[in-house]
Amino acid sequence: MKHWFFAIAVILLCGCNVENEFSSQPCYFAYQNANFLDETLATAMNSMSRGVFCQISESVKGGAVYLKFSNNQGLSSEKKESSLEQRTSYIIGINNGIIVGYQTLNDSPNGGFAAYDLQCPNCVRKHNSYTNPKYQLTMQNSGIAVCGTCGKMYDMNNQGIIQNGEEGDVNLIRYVATTTGPMGYLLVHNR
């Protein structure tokens, strides 16, 4: 009987860890790259290009909304929202920014495809500032994301773990992410 109790406890504990792996912060972004053929985004949605990550955010120019894409290899592009995107209510992370891409050190059931929030989780928590964009991360071509405010570094290739933290510091905010390939569908959402 003790063995069954132990097995059930292990399963419950593992289940809690998986549930807490992803953020409950509001996030919803769905994008059909087959309609737009955005090459910058496609680089991060390609399972053969592990370590390439793409930042996604919105901008407004002349009353029109654009989706901005930039990857950690120096490519960038913008696509004007179509009527389909205009009908969709995006929540692009905590403050208008997410990062997506295939990790090099994680081959999880979804192939290691990951999505992170663009805000430094430690600065956001420290300053209790979920609406201030000044804690935005900068991606390096090595797959490291750096906060310009606190200097903390996060490994996007390994589940967003913090590289230079102190006790109590947290890893990058993660969202559930799936893709059907470079010129396919991208979905990022909270748990």
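Located above this text is the structure these notes cover.
Just so it is clear, the model here is predicted, and its values are computed rather than measured.

Visitor: Hey, could you run me through the nonpolar core in this one?
Guide: Inside soluble globular proteins, nonpolar side chains tend to come together where they are buried. Within the largest apolar cluster, 24 residues are counted, with the highest numbers of intra-cluster contacts made by Phe29, Val100, Leu186 and Val188. Only strand 1 (28-32), helix 3 (39-44), strand 2 (53-61), strand 3 (64-71), strand 5 (98-102), strand 6 (113-117), strand 11 (174-179) and strand 12 (185-189) provide two or more residues apiece to this core. Membership of the second largest hydrophobic core comes to 17 residues, among which are Phe53, Cys120, Val124 and Cys147.

Visitor: Which parts of the structure should I look at to understand the sheet that holds strand 8 (residues 144-147)?
Guide: Where strands meet in a sheet, backbone hydrogen bonds hold them as pairs that are either parallel or antiparallel. One open sheet holds the 4 strands; their spatial order is 7-8-9-10, and the pairing between them is antiparallel. Whereas interior strands pair on both sides, the edge strands pair on one side only; in this sheet they are strand 7 (137-139) and strand 10 (161-162).

Visitor: Help me out: how do you make sense of the packing of aromatic side chains in this one?
Guide: In this description, an aromatic ring pair is defined by two values, namely the gap between the centres and the angle between the planes. One pass over the structure, following the stated rule, counts 6 aromatic pairs. On the basis of an interplanar angle of 15 degrees and a centroid distance of 5.8 Å, the ring pair of phenylalanine 29 and tyrosine 31 is categorised as stacked. Look at tyrosine 31 and phenylalanine 36: their rings are 4.9 Å apart centre to centre, the planes differ by 15 degrees, and that puts the pair in the stacked class. In terms of burial, tyrosine 31 and phenylalanine 36 fall into one category: buried. Grouping aromatic residues by their ring pairs yields a cluster made of Phe29, Tyr31, Phe36, Phe69 and Tyr90. The ring of tyrosine 66 has lysine 61 sitting right over it, with the charged end atom 5.7 Å from the ring centre.

Visitor: Can you help me understand the sheet that holds strand 4 (residues 76-80) in this one?
Guide: Across the sheet, 8 strands lie side by side as 1-12-11-6-5-2-3-4; this open sheet has antiparallel pairing. In this open sheet, the two strands that pair with only one neighbour each are strand 1 and strand 4. Each neighbouring strand pair of the sheet contributes to a mean axis angle of 20 degrees, computed without reference to strand direction. Pairing between strand 1 and strand 12: 5 bridges, direction antiparallel. The residue of strand 12 that forms the bridge with tyrosine 31 is leucine 186.

Visitor: Help me understand the pattern of salt bridges, please; the structure alone is not making it clear to me.
Guide: Pairing between side chains becomes possible if they bear opposite charge and their charged atoms approach one another. Taken as a whole and judged by the stated rule, the model has 2 salt bridges. One salt bridge connects lysine 61 with glutamate 78, and the closest N-O pair in it is separated by 2.7 Å. Placement of lysine 61 in strand 2 and of glutamate 78 in strand 4 is noted, with a sequence separation of 17 residues between them. On the basis of relative accessible area, glutamate 78 is assigned to the partly exposed category, the value being 33%. With a shortest N-O distance of 3.3 Å, lysine 152 and aspartate 169 are connected by a salt bridge. Taken together, the residues span a long stretch of sequence, with lysine 152 in the loop between strand 8 and strand 9 (153-155) and aspartate 169 in the loop between strand 10 and strand 11 at a distance of 17 residues. Judged by relative accessible area, lysine 152 falls into the buried class, the value being 11%.

Cut-off values and rules
- Residues numbered from 1 in each chain as written.
- Predicted model: local features only at pLDDT ≥ 70, side-chain atom pairs only at ≥ 80, totals over all residues.
- Heavy atoms only, no water.
- Core = buried A, V, L, I, M, F, W, Y, C linked by side-chain atoms within 4.5 Å.
- Buried < 20%, exposed > 50% of the residue type's maximum accessible area, 1.4 Å probe, protein only.
- Helix = DSSP H or I, 4+ residues; strand = E, 2+ residues; numbered from the N terminus.
- Pairing = 2+ DSSP bridges.
- Phe/Tyr/Trp six-rings, centres within 6.5 Å; stacked < 30°, edge-to-face > 60°.
- Lys NZ or Arg CZ within 6 Å of the ring centre and 35° of its normal.
- Axes fitted to C-alpha atoms, helices over the stretch in contact; angles between N-to-C directions.
- Salt bridge = Lys/Arg side-chain N within 4 Å of Asp/Glu carboxyl O.

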